[in-house]
Amino acid sequence: MANRLHQLVDLLIAALIAGTSVVLWGLVVPPAVALWIATLFAAMYYFSRNPWGTPKGEAFNEFIDDLYDRYLP
């Protein structure tokens, strides 16, 4: 059950990333391009949880997992 809750939170964070990206990128590029970029950012977060390719990706993901374990049932 906890794993499903973690996945749900990952989806919600990805949705926030997508929504914010659409709004911000929509100010400087056409809407279709903004939607494509936002989808890319959200997918990068959701599927890898290392969205910006940091060399410390494993540590980043462990930090997120620790937060989930601390605050989610």
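See the structure shown above.
Residues numbered from 1 in each chain as written. Predicted model: local features only at pLDDT ≥ 70, side-chain atom pairs only at ≥ 80, totals over all residues. Heavy atoms only, no water.

**Description of a negative patch on the surface**
On the surface, Glu-58, Glu-62, Asp-66 and Asp-69 cluster together to form a negatively charged patch. As for its placement among the helices and strands, Glu-62 is situated in helix H3 (residues 57–71). (Patch = residues over 30% accessible without salt bridge, like charges linked within 9 Å, V, L, I, M, F, W, Y side chains within 5 Å. Areas by Shrake-Rupley, 256 points an atom, 1.4 Å probe, with all protein chains shown as cover. Salt bridge = Lys/Arg side-chain N within 4 Å of Asp/Glu carboxyl O. Lys, Arg positive; Asp, Glu negative; His and termini not counted. Charge placed at Lys NZ, Arg CZ, Asp CG, Glu CD. Helix = DSSP H or I, 4+ residues; strand = E, 2+ residues; numbered from the N terminus.)

**So, the environment of Asp-65**
As for its position among the elements, Asp-65 is in helix H3. Placed 29 residues apart in sequence, Asp-65 and Trp-36 show a C-alpha to C-alpha distance of 28 Å.

**A closer look at the nonpolar core**
If you look at the biggest cluster of nonpolar residues, it comprises 8 residues: Val-9, Ala-14, Ala-18, Ala-38, Ala-42, Tyr-45, Ile-64 and Tyr-68. For this core, the secondary-structure elements that each account for two or more residues are helix H1 (2–26), helix H2 (31–48) and H3. (Core = buried A, V, L, I, M, F, W, Y, C linked by side-chain atoms within 4.5 Å. Buried < 20%, exposed > 50% of the residue type's maximum accessible area, 1.4 Å probe, protein only.)

**Overview of the environment of Ile-37**
Inspection of the secondary structure assignment puts Ile-37 in helix H2. Separated by 12 residues in the primary sequence, Ile-37 and Trp-25 place their C-alpha atoms 7.8 Å from one another.

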